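Below are the chains, spelled out letter by letter.
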Amino acid sequence: MTHAGNGGPRPETASAAAGDPRIGVYVCHCGSNIAGTVDVAAVRDWAATQLRSRGVVVAQDYRFMCSSLGQELIEREIREKGINRVVVAACSPHLHEGTFRTACEHAGLNPYLCELVSIREQDSWVHADRAAATEKAKAIVAGGVERVRHDAELVPLRVPIHPATLVVGGGIGGISAALELANAGYPVYLVEREPSLGGHMAQFDKTFPTLDCSACILTPRMVEAGSHPNITLLTYSEVERVEGYVGNFTVTIRRRARQVDESLCTGCGICWEKCPVAVIDTQFEAGLGYRKAIYVPFPQAVPKFPVIDRDNCTYYERGTCRACEKFCPPQAIRFDQDDELLTVDVGAIVLATGFRLFDARRVPQYGYGRLPNVFSSLEFERLSNAAGPTGGRVVLRDGVTEPRAVGIVHCVGSRDRAYNWYCSAICCMQSLKFAHLVRERTGATVYECYIDMRTPAKGYDEFYQRLIEEGTLFVRGKVAAISEGGPTPEEAGRLVIQVEDTLVGRQRRIPVDMVILSNALEPQADAREVAKRFGISCSLDGWMIERHPKLDPVATMTEGVFVAGAAQGPKDIPTTVAQGAAAAARVLGRIQQGEMALEPIRASVDAVRCSGCRICNNLCPFNAITFDEDRMSTEINPALCQGCGTCIAACPAGAISGTVFGTAQILSQIDGLLLRTAAATAEPAVSVQLEGVPA
Amino acid sequence: MTQDQLAPPAVADPGRGFLAEVVARAGTAARLELCIQCGVCGGSCPSADEMDQTPRTLFAMIRAGMREHVLRSTTPWLCVSCYRCTVRCPQGVQVTDVMYALKAMAVAQHTYLNATAADFSRAFVWNVETFGRSFEAGLSARHYLRHYLTRLPAVAPMGIGMLRSRRLRLLPPRRIRGIADLRRILVCAKALEAAA
Amino acid sequence: MTRYLYYPGCSMESNARAYRDSLAAIAGPLGIDLREIDDWNCCGATEYLGLSRLPAYALIARNLALAEQVRDGSEVLVASCSACFLNLSKANHAMAESAAFSAQVNEALAAGGLHYTPDAVKVRHLLDVIVREVGLDAVRRRVTRRLCGLKLAPYLGCMVPRPDYDGRWTDRERPSELDRLLVALGAEVVDYPLKTECCGGHMTQIGPETAFAMIRRLVDGAERADADLMVTVCPMCQMNIDAFQQEMNAHFRTSYQMPIVFFTQVIRLAFGIAPEALGFGRELVDARPALAHISDAPAPPPEPARVRRPPRPKGPALPMPVMPERGDGAT
């Protein structure tokens, strides 16, 4: 039992808590959650007797330690019995560390002298053998006791909160968040990658389930965001670098050159009228329409200024043309304009970067990209849009023929382990909307092929009912294949949907003229990169991870960075808007406080022992480490440091130490877990069988 | 007896009994339990029209414990092992392997309705166990005489053509040298499977 | 010469002799040295699995074990027959996936003094080896007689592209490997959407009407696509479509005459391995008349460099989805 040549208990670290440790151990039953598997009384008695030599002066158990009565018990004993360190054996610190620390604080004890050890998640919930689970609980308590001996009194850092906020993503989620913040009177930087605000919602004609015109409800919000005195709108821009910490972020934004002087441009539109180059618009028109090389994505674009697409502009290709420049009345074209880097200070960040559409070519049996009359969901949105390439006429790829029968295919790339495991949440409702629009515009027969119909929100199932009444033909079955029709009269020249009608139990071949795929929603291609830039993480699928899936859905594990909308997972417009507002509310709460307390879990460098090797410099995930060239030593910014411990482990000179997770604390806790310290005093009867660990 | 004449399945809770039995036969890697009844298998199957149940229906019947109906179904015998369903299944169910297991169970319990397919498999396997190689001429001759006498006039030109182009050998293949070892391997495998 | 372990399978000895002979003729020029594993046994096709599981896998695994014993330098086991290829990879996959199952199979193998370590050999189909290992450039260099004017329907059937345990093909629905190989020979490849549809497999033996419907669909599709010949990689497909075409015609009162040959026969032809007509004629639907379509027209000029931005077409038609080149890792 030697490491670092150190036998026996470790020497105590200097502590502000005066005198010898007087430790109180409090074991929670958590109803039957813990007591059902762990003999709580035995753990209590064992701690009281076997750990007495380690400073335990009192051990108690209680049915619900987190209840007011449980907390009062701890507070009373701190006051009455002179307890100066507390170990609570209950649930995970994620849940109740704050509760018990606050209780200690109420009783006048520094809250960082309280340790919460988990005998629920790490013990009773994962074991069935009562005797072994009880022994394990004792070990966990012993670990907590050893650790708490090394705990020091700490004071949280207080940092000021900058009142401005960065909102990334100019779709409906980002617009909602930005407007809430701006209307509350605080400055917002709203950054959007595309030339205009609007996101996917701007591409839609109608929104489910009310079928209100998407542009009619979105445009006023875009205009408001574009002209709001508190909002600095940065379109055609991307965030390049984020430094700093909650309350004090410094963000570098690249404003891509529009090649247009915004102070002169009036948005008159003569430039794109005169531009001779037409290219397929894969972005806003989803590849179904054309735009010019100088363009605004759509007439209601905010801002109204066009951009020049340098990859397709003849001037950048051959050095001639300049038609736009020649005809521009205010002479606003600037071929020599360069990207600009802008640095702004903000206190909080809201990420509302949205989703991208699943590439249906990955499902070759559906023929997308090969069979002309197979359309993606976004293609159909543009096709049915009154401002789209066909003026809202639902026609085949030839641009003329109206379909007589249309098939709509659900779950394309969703709910399929070969592509995406998850349900894309919006596709059922979107497909019902498509069915309605097809019927309304063409009167065609509509077959809706679904696996399960999922309509669980306000007004959604009523919409499904409406579509049933409208005569949509529902076929329950995952479409097997879409192919060119055979030689028979009803199939010739058309498409055939091959599907098992699972409610009949037979394979069907349904001839149609057009197929609309309900593509899955996927994370943006660069979601992981963006998440990393902002110091947050993504799930296995690539969606940004919230702090808690139920109770903290818009915060992230990084203080001051919030997520809203489809960047966090597939969701519809109402939920996206709600999340944008929720994120704004969270930010406003912070701004109102003026300053905030940071957990004092920090690393610090002993400048004398630091050899200046710089090994730690690039390891810090929070960019908290800098190198002082004059003193030739590393420094850690305590406000940036999140206490992860990476640098502490990496330092070859042992010059970095951490609060709360100090070396002495961790090694002592391990000693405790292995009953090294207890064993020194306990009767030999105490033996813990932990697999793979020498007793 | 056809499917329709079978007694309705027992209403008593079949539990996972029959499902567990099929899974044990097909191997857990077949992932049969994961079926979400989407029907992509039945939609993809080239012989679905001739089956009395689509594969998906059969899987629902397995869950419902409808042993007799399942083991008398024509579905597994019409499977052509094309694996179309298997690669399209969103849950990764190895449909083809489940069909093999159902065939084997039907053979073991003699519940299949038409002997042609099972008989062909048995004859094929007999050849393999005897020679270590397949013996097409012997297999075909035996099979057509037994099951397709009426088909002989139609199929005769093919047989003659195959013989003439020396694509069919009338003599059985030479036994592989390791035939004794192979038989020992198969005997041992059968014993292991029976024990499981 | 690159050495490979080789498992021919029973069909190569009997009904697919044209496959065996043509492969023997082109192996040298392609630089592949196929070492047949000694005393291999039948893979059980699709029959043994339908009777019992463990014995079926043990039967297949004996071949894998024999291959493991002799692998030296080359761990790639090439199979030319689709069913054999599938069964060998299936057994390896099942054993690699489950240690418990692998132990059972090995217990059975031990009775014959054998043992197989999962993944000890890499099972690959001949087409995969030719396209990916030999490479289409090497194939192109060997072509002495471009098959200009010959319209071929590439037909893979089921068991080569599916279930594709090792993820080898460009995709499992419409893989492009065979098409690109045939194009490299100078032939014209027709769009054949039934490329990976089933030929009926053993249904010709146990449920002929089911099989005839499938065969009819395949030859009808090839005829509609204006193909001179179907080209396959599978003895079972070749047998069903070739040998049963006449019976199918009688059954439906049709008169299809769609020849089907092995891809190796076509390679042999393009390599100009004399005498030319040799290697054809074993088919019951004679392929030789179709060969007359080969013209001596000069090779078409290389495709002009892609226009960067096609002009906007006139008329109301909507553009097709923009298709970026799909990388498929093949030459």
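Residues numbered from 1 in each chain as written. Chains lettered and ligands numbered in written order. Predicted model: local features only at pLDDT ≥ 70, side-chain atom pairs only at ≥ 80, totals over all residues. Heavy atoms only, no water.

**Q** Residue-level account of the pattern of salt bridges, with values.
**A** Throughout the structure, instances matching the rule amount to 77 salt bridges over all chains. Here D513(A) makes a salt bridge to R494(A), at a shortest N to O gap of 2.9 Å. Here the residue D513(A) occupies a position in the loop between β26 (506-512) and β27 (514-519), and R494(A) occupies one in the loop between β24 (481-484) and β25 (495-501), the gap between them amounting to 19 residues. Neither residue differs from the other here; D513(A) and R494(A) are each classed as buried. K190(B) serves as the salt-bridge partner of E129(B), at 2.8 Å between the closest nitrogen and oxygen. In this pair, E129(B) is assigned in helix α8 (residues 115-131) and K190(B) in helix α11 (residues 179-195), connecting sequence segments 61 residues apart. Because the salt bridges share partners, they merge into one network encompassing R124(C), D128(C), R132(C), E133(C), R168(C) and E177(C). (Salt bridge = Lys/Arg side-chain N within 4 Å of Asp/Glu carboxyl O. Helix = DSSP H or I, 4+ residues; strand = E, 2+ residues; numbered from the N terminus. Buried < 20%, exposed > 50% of the residue type's maximum accessible area, 1.4 Å probe, protein only.)

**Q** So what's going on with the side chain of Q568(A)? Residues and values would help.
**A** Looking at where Q568(A) falls in the secondary structure, it is placed in the loop between β29 (561-563) and α16 (573-593). Classification of Q568(A) as buried rests on a relative accessible area of 14%.

**Q** Account for the domain arrangement of chain B, naming residues and giving values.
**A** It is common to report an interface's size as the accessible area lost on association of the parts. In terms of domain boundaries, chain B breaks down into domain 1 (3-108) and domain 2 (115-195). Look at where the C-alpha atoms of domain 1 of chain B and domain 2 of chain B centre, and you get two points 28 Å apart. (Domains from an automatic or database assignment.)

**Q** Give me the lowdown on the confidence of the model for chain B, citing residues and values where you can.
**A** Do not read the fine detail of predicted coordinates wherever pLDDT is low. Per-residue confidence for chain B averages 89 on the pLDDT scale, and 92% of its residues sit at or above 70. Scored below 50 in pLDDT, residues 1-13 of chain B makes 15 contacts in the model with residues more than four places away or belonging to other chains. (pLDDT = per-residue confidence, 0-100. Contact = heavy atoms within 4.5 Å.)

**Q** Can you tell me about the interface of chain B and chain A, naming the residues and giving the values?
**A** Between chain B and chain A, the residue contacts involve 22 residues of the former and 18 residues of the latter. Here chain B meets chain A over a buried area of about 1,600 Å², counting both sides, of which 40% is carbon and sulfur. Linking chain B with chain A are one salt bridge. Linking chain B with chain A are 16 residue pairs in polar contact (both at pLDDT 80 or more). Looking at the side of chain B that touches chain A, the elements with two or more residues in it are α2 (40-44) and α3 (55-63) of chain B. Considering every element that reaches the side of chain B that touches chain A, the biggest residue donor is α2(B), with four residues. Taken together, the residues of the side of chain B that touches chain A break down into nine nonpolar, eight polar and five charged. (Buried area = accessible area lost by both parts, 1.4 Å probe. Polar contact = N/O pair within 3.5 Å; in protein donor to acceptor, adjacent residues only side chain to side chain. Nonpolar A, V, L, I, M, F, W, Y, C, P; charged D, E, K, R; others polar.)

**Q** Lay out the interface of chain C and chain B in plain terms, naming residues and giving numbers.
**A** In this complex, chain C contributes 68 residues to the contact, which on the side of chain B involves 63 residues. With both chains or domains summed, chain C and chain B bury close to 5,800 Å², and 58% of this area falls on carbon and sulfur atoms. The largest share of the area that chain C buries against chain B comes from L51(C), Q205(C) and I206(C), three residues that together contribute 11% of it. Between the two partners, chain C and chain B, sit eight salt bridges. Two residues, R84(B) and E173(C), come together in a salt bridge whose shortest N-O distance is 2.9 Å. On inspection of chain C and its partner chain B, the count reaches 32 residue pairs in polar contact (both at pLDDT 80 or more). If you list the elements that add at least two residues to the side of chain C that touches chain B, you get α2 (54-70), α3 (82-97), α4 (99-110), α7 (203-206), α8 (208-224), α9 (235-243) and α10 (245-252) of chain C. Of the residues belonging to the side of chain C that touches chain B, the class tally is 30 nonpolar, 19 polar and 19 charged.

**Q** Which residues make up the state of the cysteines, and what values go with them?
**A** Residue and element names in this part refer to chain A. The tally for this structure, following the rule as stated, stands at one disulfide over all chains. Unpaired in terms of disulfides, C620 finds its nearest cysteine sulfur in C644, a separation of 6.0 Å. Taking the relative accessible area as the measure of exposure, C620 reaches 16% and is therefore buried. C647 provides the cysteine sulfur closest to C641, a residue in no disulfide bond, and the two sulfurs are 6.2 Å apart. Under the relative-accessibility criterion, C641 is labelled buried at 7%. (Disulfide = S-S within 2.5 Å.)

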